[in-house]
Protein chains: 4
Amino acid sequence: MSSLTVGIVGATGYTALEALRWLIPHPQVDVVAITSRGDSGQPISSIHPSLAGKTELAVEKFDATSMAGRCDVVLSCLPHGASAATVRELVEAGTRVIDFSADFRLADLETYENWYGVKHPWPEMLGKVPYGMPEFFESEITEAKLVANPGCYPTSAILPIAPLVEASIVKTEDIIIDSKTGVSGAGRSAKVGMLFCEVNESTAAYGIGVHRHGPEINELVERITGDSIQSIFTPHLTPMNRGILSTIYLKPSIVDLKDAVGESMATLTKAYQNQPFISVVEHLPATGHVRGTHHVQISLRSSGNRLVAVCAIDNLAKGASSAAVQNLNVMFGLPATLGLN
Amino acid sequence: MSSLTVGIVGATGYTALEALRWLIPHPQVDVVAITSRGDSGQPISSIHPSLAGKTELAVEKFDATSMAGRCDVVLSCLPHGASAATVRELVEAGTRVIDFSADFRLADLETYENWYGVKHPWPEMLGKVPYGMPEFFESEITEAKLVANPGCYPTSAILPIAPLVEASIVKTEDIIIDSKTGVSGAGRSAKVGMLFCEVNESTAAYGIGVHRHGPEINELVERITGDSIQSIFTPHLTPMNRGILSTIYLKPSIVDLKDAVGESMATLTKAYQNQPFISVVEHLPATGHVRGTHHVQISLRSSGNRLVAVCAIDNLAKGASSAAVQNLNVMFGLPATLGLN
Amino acid sequence: MSSLTVGIVGATGYTALEALRWLIPHPQVDVVAITSRGDSGQPISSIHPSLAGKTELAVEKFDATSMAGRCDVVLSCLPHGASAATVRELVEAGTRVIDFSADFRLADLETYENWYGVKHPWPEMLGKVPYGMPEFFESEITEAKLVANPGCYPTSAILPIAPLVEASIVKTEDIIIDSKTGVSGAGRSAKVGMLFCEVNESTAAYGIGVHRHGPEINELVERITGDSIQSIFTPHLTPMNRGILSTIYLKPSIVDLKDAVGESMATLTKAYQNQPFISVVEHLPATGHVRGTHHVQISLRSSGNRLVAVCAIDNLAKGASSAAVQNLNVMFGLPATLGLN
Amino acid sequence: MSSLTVGIVGATGYTALEALRWLIPHPQVDVVAITSRGDSGQPISSIHPSLAGKTELAVEKFDATSMAGRCDVVLSCLPHGASAATVRELVEAGTRVIDFSADFRLADLETYENWYGVKHPWPEMLGKVPYGMPEFFESEITEAKLVANPGCYPTSAILPIAPLVEASIVKTEDIIIDSKTGVSGAGRSAKVGMLFCEVNESTAAYGIGVHRHGPEINELVERITGDSIQSIFTPHLTPMNRGILSTIYLKPSIVDLKDAVGESMATLTKAYQNQPFISVVEHLPATGHVRGTHHVQISLRSSGNRLVAVCAIDNLAKGASSAAVQNLNVMFGLPATLGLN
């Protein structure tokens with residue numbers, strides 16, 4: 001089989017760099033076009049010096065027709081709001097798209113416009129785009145012209161929560177999700193708050209009660225399980241480049257907490273038995289255990305009258321770019337693990 | 001007034017080093033003796049090279065009578081279990097002691113022996129030693145021969161929780177305390193898990209449901225407020241030297257959440273209006289804001305149906321060594337802020 | 001004696017924040033005015049949240065007459081080029097100034113204009129402003145209206161080199177200065193290259209052969225010793241907030257290398273015997289040993305046919321803001337160590 | 001072709017973990033045995049939790065005959081001194097070995113025994129073992145029963161120096177090599193000096209004039225070029241997990257420095273034109289550019305009368321474990337880049 005031709009839109013950020021890190025050695029992929037608003041003509045290695053010696057690609061100006069003509073699939077690494085219009089052009093020009101932004105993750109227009117504060121440029125698509133989590137939506141992704149790549153925090157929360165809600169081991173109310181992320185989640189634009197000296201040797205909460213990944217978690221758990229949950233999501237910034245650790249406080253439906261831990265571990269193990277990159281482990285996960293990889297580690301403990309689930313992912317990998325590669329494999333019928341080891 | 005003479009027992013660890021960092025420039029203190037089991041005779045600056053040029057002190061072997069003869073007060077930086085017997089010798093030899101360990105923090109012998117797994121060498125003292133948090137126990141500390149210096153995590157949890165429970169703004173049940181600490185809390189002994197490469201670029205939960213600071217938080221909030229609380233405490237390790245950020249999920253008693261936030265902020269502001277080192281702030285605290293200082297920053301938000309309090313301290317300063325200096329000031333009638341700026 | 005009134009111009013950067021960290025607890029100083037172009041009226045603690053609870057100062061618009069009327073001395077934390085004109089206004093309005101920029105460090109106009117690429121707004125002052133290193137220029141500083149606060153890298157290089165050149169223990173040729181700095185030296189403006197994810201987990205050389213601190217080192221060693229040296233200076237960026245370590249390769253004049261090490265150590269020890277903050281130590285210095293302090297650690301080894309001097313400072317403290325406090329003490333006849341412990 | 005069977009001796013350290021990271025996804029390799037003195041029977045993922053979900057391998061007790069019977073090649077990740085005897089057993093039992101230790105890198109017994117302070121258990125092999133740098137010793141490696149995997153620092157120094165010495169563009173005298181490493185080079189044994197809090201936020205020189213990689217650099221440059229060089233090597237510890245940046249000060253033979261830079265860049269470019277992982281780049285390399293990869297970046301500048309070469313590698317990858325994979329590819333006639341992207 002000849003290689004898939006892949007394009008990337010929005011090439012200067014960290015998720016695009018990470019996508020290239022995964023796609024360049026992928027045995028069935030040729031990256032043929034990368035675009036950026038600001039830096040047309042430059043070799044991509046002058047923007048990301050870690051690509052020196054790895055690719056000769058240069059950044060070009062975006063042209064939907066040209067990209068659609070050359071690419072079997074395009075990854076859009078644009079921010080929300082900006083992405084939807086570009087994605088629409090690409091899809092209408094006839095190529096398949098994996099969208100890294102939040103623009104097509106939510107099904108409900110009102111929720112989107114309330115939380116993101118922008119008018120949606122392609123509202124009729126909402127609800128028709130599969131959420132790019134093949135663990136739950138594989139068949140929809142296989143067929144899709146457009147896939148909504150999941151948010152980083154939601155990935156770390158949905159994977160442990162959904163099977164437990166589905167199995168009714170935990171209650172749907174008063175779920176508390178306390179997440180800790182590395183700094184790359186903030187992107188690569190120059191902001192004082194993300195300078196090394198601001199972030200290093202410091203941990204901070206932010207966006208309490210108002211972060212947009214809260215509704216994404218709630219809506220997706222409902223889409224997967226049919227059960228509406230009531231959760232609180234608090235993100236924190238910690239001094240590391242990569243990684244998300246989510247600590248999730250759940251109320252067990254089972255009276256005996258030891259039983260609840262055992263059943264929860266068994267349920268998660270079974271839910272992901274065919275997912276080679278999701279490990280339900282005895283030890284407590286650390287983000288360092290999955291750094292730079294597509295792997296997910298989940299474990300569970302009890303504390304007081306709560307179940308506490310802990311989930312570690314790499315926010316740039318399973319939380320963004322290797323998840324897109326996983327979706328690409330599914331969309332084109334490639335082996336599920338190709339290029340992901 | 002002539003200077004207080006101060007001794008330090010257990011001089012090789014981080015809390016002793018930090019105590020010296022605060023005591024050496026303290027205008028009313030002379031550090032006259034420091035002891036260690038292993039390194040007798042050595043200049044302390046050969047153990048802690050950051051003390052080069054700051055002190056000529058050498059480490060001596062511990063002798064209770066000698067120390068009591070020379071010191072107005074001794075700081076015991078020994079670990080729990082080991083500390084109580086030494087503290088007893090010192091107190092019986094006639095000197096006052098501030099104990100950094102957990103040995104005299106809890107009032108209940110059974111709780112202590114269950115959670116710490118050791119027989120207490122001086123059980124009759126339990127319940128008679130003030131908890132070294134002058135914000136709540138100033139008069140007891142003033143009189144005390146022995147003060148139990150608070151735990152680092154409990155400091156970051158008790159300060160925001162106690163006034164809110166006291167004022168009945170929050171319910172006593174289902175309090176969730178999710179704390180993130182720097183690595184110095186693990187001490188200075190050689191352990192693979194605390195090597196730079198294990199901890200750097202990684203965040204991890206540990207001790208879920210079994211960390212000993214859980215019962216300390218519960219017991220102290222009850223001792224302060226008279227109300228028994230039911231809380232869950234989860235510590236996390238983040239890649240920084242210093243700092244604790246505690247994110248605390250509380251259930252408001254007040255129906256309107258906006259009102260609850262406002263009343264909570266007002267209650268905390270009032271509770272600490274005479275505490276120059278505790279700031280109730282509008283912005284969300286970060287550990288970097290209080291790094292290296294005795295300061296505490298607390299703020300509050302709502303999220304879903306919860307109040308979320310965030311508290312930042314430096315675990316080695318207000319969480320250990322500058323807290324001991326604050327206690328020393330109170331014990332000897334010195335100005336409250338002396339040597340703490 | 002009543003307190004000195006101090007003003008700070010350019011209050012939003014790291015050196016101004018660090019100056020406040022030293023000046024607020026200084027027992028003979030009142031900071032009475034801080035100015036900034038962009039943020040007039042705001043409390044300084046909203047720009048630097050670590051100042052919450054420490055000062056009520058608000059940022060004001062710069063006015064030379066007003067500042068001169070209220071301040072015994074003003075610290076200018078503006079960048080080079082911008083600083084000289086402001087400094088001139090302040091001095092002409094009658095106040096004394098400590099200038100953090102490079103504008104008055106070099107005596108030679110041509111060297112300045114070549115290396116800094118700007119026209120000097122007050123060229124007639126060049127050569128009349130003492131270099132703010134009281135170790136060598138104490139009497140000039142005592143009298144001065146204007147003092148040029150030293151550069152961070154030059155501080156770490158001049159302190160070990162000057163006494164050895166003075167004593168003719170080392171040759172003046174082929175001196176190689178390889179320096180490693182923390183990131184705060186790059187300032188607090190938003191630049192992609194200083195984002196956490198760019199700098200963390202990475203070490204890089206920069207400015208090889210073209211960094212402006214090269215000529216500053218050469219000129220000052222000559223001003224101090226009378227001997228012209230020929231040195232090469234290479235700065236490196238390492239992932240830490242603070243600290244400079246300079247490794248300096250010198251050619252000994254003495255044939256026997258062991259003798260050369262011994263004589264060099266003795267010479268440095270003697271040179272700094274009255275400088276309580278400069279320690280000539282047996283161990284190899286690390287920037288962590290002096291972090292957050294005004295202290296300097298210097299040591300020496302031999303390697304092949306070279307003497308290798310190693311010097312550690314905190315770039316924001318002795319490399320900038322505590323050095324300014326030291327100059328302030330000298331300018332106003334205060335005890336040399338006041339406020340520096 | 002069926003896969004090569006590979007064994008690893010000394011499986012608990014960082015280089016063994018890194019070797020597994022490279023070998024597990026290698027398309028022509030099956031790791032069939034890993035051994036360790038202390039942890040027999042345990043799954044390797046309980047020692048290195050980042051291997052959870054990636055391998056079922058358990059650690060076994062070392063037995064040379066058994067390993068030789070099962071393995072086409074064994075990687076010895078033991079420390080120097082301990083490695084040579086084990087390597088001998090393995091080679092004599094009939095398997096090929098790549099030795100990560102320094103035991104067979106030097107050809108001269110006296111140099112080895114002087115610098116390493118141990119008696120060599122297999123001295124007759126010295127001088128007969130190729131240095132595992134296929135850039136210079138490809139044909140010897142192809143044939144070898146035993147290959148000496150290069151030291152991390154020497155890799156970063158030899159690659160830029162050797163071609164320039166070979167081409168006589170630089171003088172052989174007074175070469176100064178100032179290297180900065182991440183902490184993983186210190187290994188995974190519990191030492192106070194490598195604790196997070198000791199190393200974080202600190203940069204330090206160590207081993208000045210006495211580090212064992214000094215003679216390795218000198219001997220290998222001579223073995224490659226025939227010219228004896230006189231160099232000084234100074235290692236530094238910086239707060240990052242991985243990476244070495246070597247800054248190398250060379251004296252040009254060419255009078256015009258601009259010409260010298262140009263010729264040097266051209267010489268290096270030509271020397272490595274067939275080496276896909278070695279990039280001679282215009283920008284100044286940073287260790288972050290090559291982190292986690294087998295890539296090397298080299299650049300050059302002039303400063304004063306010196307050429308300054310800068311070389312960045314990942315100490316665990318090209319400095320250790322991916323270099324072993326590269327050697328394995330050469331030893332068994334596999335494509336040079338297999339498993340290295």
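Visitor: Can you help me understand the overall build of chain A in this one?
Guide: When helices and strands are counted, chain A shows twelve helices and 13 strands. Taking 2.2 N^0.38 as the reference for a compact globule, 341 residues should give roughly 20 Å; the C-alpha atoms of chain A span a radius of gyration of 20 Å, in line with that estimate. Structurally, chain A occupies a C-alpha span of about 60 × 45 × 40 Å along its principal axes. A buried classification covers 64% of the 341 residues belonging to chain A. Looking at chain A alone, contacts between residues at least 24 apart form 71% of all its contacts between residues at least 6 apart. Total accessible area on chain A is roughly 11200 Å²; 50% of this is exposed by carbon and sulfur atoms. Positive and negative charge centroids in chain A, built from 25 and 34 side chains respectively, lie 4 Å apart.

Visitor: What am I meant to see in the sheet that holds strand S2 (residues 29–35) of chain A here?
Guide: Two pairing modes exist for strands in a sheet, parallel and antiparallel, and in both the strands are linked by backbone hydrogen bonds. Residues and elements named next belong to chain A. In space, the six strands of this open sheet follow the order S3-S2-S1-S4-S5-S6, with parallel pairing throughout. Looking at the sheet topology across the chains shown, the edges are occupied by strand S3 (59–60) and strand S6 (146–148). Sheet analysis places strand S5 (residues 96–99) next to S6, joined by three bridges and oriented parallel. When the bridges of S6 are listed, Val97 appears paired with Leu146. Contacts from helix H12 (residues 317–331) reach strand S1 (4–9), S2, strand S4 (73–76), S5 and S6 within the one sheet, and its direction differs from that of S5 by about 155°.

Visitor: Quick question: what am I supposed to make of the relation of the copies chain B and chain A here?
Guide: Copy one and copy two of the chain differ by a rotation about a common axis and a shift along it. When chain B is fitted onto chain A, the two copies agree to an RMSD of 0.0 Å after a turn of 180° and an axial shift of 0.0 Å. Both copies are brought into coincidence by an operation consistent with a two-fold rotation axis. The overlap is high: 100% of the interface residues of chain B also sit at the interface in chain A, so the same surface is used on both sides.

Visitor: Any chance you could explain the relation of the copies chain B and chain C here in plain terms?
Guide: With an RMSD of 0.0 Å, the fit of chain B onto chain C corresponds to turning through 180° and sliding 0.0 Å along the axis. Same-surface contact between copies: 100% of interface residues of chain B are shared with the interface of chain C.

Visitor: Help me understand empty space enclosed by the protein in this model?
Guide: In the structure shown here, the tally under the stated rule is two cavities of 30 Å³ or more. As for the largest cavity, its lining consists of 14 residues, and the residues nearest its centre are Asn200 of chain A, Asn200 and Pro239 of chain B, Asn200 of chain C together with Asn200 of chain D. Residue composition of the lining of the largest cavity, grouped by class: seven nonpolar, four polar and three charged. Estimated volume of the second largest cavity: approximately 30 Å³. Lining of the second largest cavity is provided by Leu195, Phe196 and Cys197 of chain A together with Tyr14, Val183, Ala186, Gly187 and Met194 of chain C.

Visitor: Would you take a moment to explain the interface of chain B and chain C for this structure?
Guide: A common way to state how big an interface is: give the accessible area lost once the parts meet. Taken residue by residue, the interface counts 20 residues in chain B and 20 residues in chain C. Of the roughly 1400 Å² buried between chain B and chain C on both sides combined, carbon and sulfur atoms contribute 53%. Considering only the surface of chain B that becomes buried against chain C, Pro49, Lys54 and His289 of chain B emerge as the three largest contributors, covering 27% of it. Our count for the chain B to chain C interface comes out at zero salt bridges. Viewed at the interface, chain C and chain B are joined by four residue pairs in polar contact (both at pLDDT 80 or more). Of the residues belonging to the side of chain B that touches chain C, the class tally is five nonpolar, twelve polar and three charged.

Visitor: How do you make sense of the interface of chain B and chain A when you look at a structure like this?
Guide: The partner chain A presents 43 residues to the 43 residues of chain B that form the contact. Carbon and sulfur atoms make up 56% of the area that chain B and chain A hide from each other, which totals about 3100 Å². Looking at the side of chain B facing chain A, the largest losses of area belong to Glu201, Thr203 and Ile208 of chain B, adding up to 21% of the total buried there. Where chain B meets chain A, there are six salt bridges. Asp174 of chain A is the partner of Arg306 of chain B in a salt bridge, and the nearest nitrogen-oxygen pair spans 2.9 Å. Counting the contacts that link chain B with chain A gives 24 residue pairs in polar contact (both at pLDDT 80 or more). Every element with two or more residues in the side of chain B that touches chain A is listed here: strand S7 (175–181), strand S8 (204–205), strand S9 (231–237), strand S10 (244–250), helix H11 (287–290), strand S12 (296–303) and strand S13 (306–313) of chain B. Partitioned by chemical class, the residues of the side of chain B that touches chain A number 17 nonpolar, 17 polar and nine charged.

Visitor: How should the confidence of the model for chain A be read in this particular structure?
Guide: Predicted coordinates in areas of low pLDDT are best not read in detail. Of all residues in chain A, 100% have pLDDT values of 70 or greater, and the mean over the chain is 96. Interface confidence for the predicted complex, expressed as ipTM, amounts to 0.97; the pTM equals 0.97.

Visitor: Can you help me understand the nonpolar core in this one?
Guide: As a rule of thumb, nonpolar side chains are buried together in soluble globular proteins. All names here are of chain A. Counting 76 residues, the largest nonpolar core has Ile8, Leu23, Ile34, Ile44, Leu75 and Leu328 as the members making the most contacts within it. Tallying contributions element by element places helix H7 (residues 152–166) first for this core, with nine residues. Among residues more than four places away in sequence, those in contact with Ile34 are Ile8, Ala11, Leu20, Ile44, Leu57, Ala58, Val59 and Glu60.

Visitor: So what exactly am I meant to see when it comes to unusual backbone geometry here?
Guide: Peptide bonds are trans in most cases, and residues, glycine excluded, mostly fall at negative phi. Unusually for a residue other than glycine, Ser168 of chain C sits at a positive phi of about 60°. With respect to the secondary-structure elements, Ser168 of chain C resides in the loop between helix H7 (152–166) and strand S7 (175–181). Positive phi, normally seen in glycine, also occurs at Asp174 of chain D, with a value near 55°. Residue position: Asp174 of chain D is located in the loop between helix H7 (152–166) and strand S7 (175–181). For Asp174 of chain D, a relative accessible area of 4% translates into the label buried.

Quick notes on the rules
- Residues numbered from 1 in each chain as written.
- Chains lettered and ligands numbered in written order.
- Predicted model: local features only at pLDDT ≥ 70, side-chain atom pairs only at ≥ 80, totals over all residues.
- Heavy atoms only, no water.
- Helix = DSSP H or I, 4+ residues; strand = E, 2+ residues; numbered from the N terminus.
- Rg over C-alpha atoms; globule rule 2.2 N^0.38 Å.
- Buried < 20%, exposed > 50% of the residue type's maximum accessible area, 1.4 Å probe, protein only.
- Contact = heavy atoms within 4.5 Å.
- Areas by Shrake-Rupley, 256 points an atom, 1.4 Å probe, with all protein chains shown as cover.
- Lys, Arg positive; Asp, Glu negative; His and termini not counted.
- Charge placed at Lys NZ, Arg CZ, Asp CG, Glu CD.
- Pairing = 2+ DSSP bridges.
- Axes fitted to C-alpha atoms, helices over the stretch in contact; angles between N-to-C directions.
- Least-squares fit on C-alpha atoms with pLDDT ≥ 70 in both.
- 1 Å grid on protein atoms, 1.4 Å probe; cavity = no way out; pocket = protein on both sides within 12 Å on 5 of 7 lines; lining within 4 Å.
- Points joined across faces, edges and corners; volume = space filled by probe spheres on them.
- Nonpolar A, V, L, I, M, F, W, Y, C, P; charged D, E, K, R; others polar.
- Buried area = accessible area lost by both parts, 1.4 Å probe.
- Salt bridge = Lys/Arg side-chain N within 4 Å of Asp/Glu carboxyl O.
- Polar contact = N/O pair within 3.5 Å; in protein donor to acceptor, adjacent residues only side chain to side chain.
- pLDDT = per-residue confidence, 0-100.
- Core = buried A, V, L, I, M, F, W, Y, C linked by side-chain atoms within 4.5 Å.

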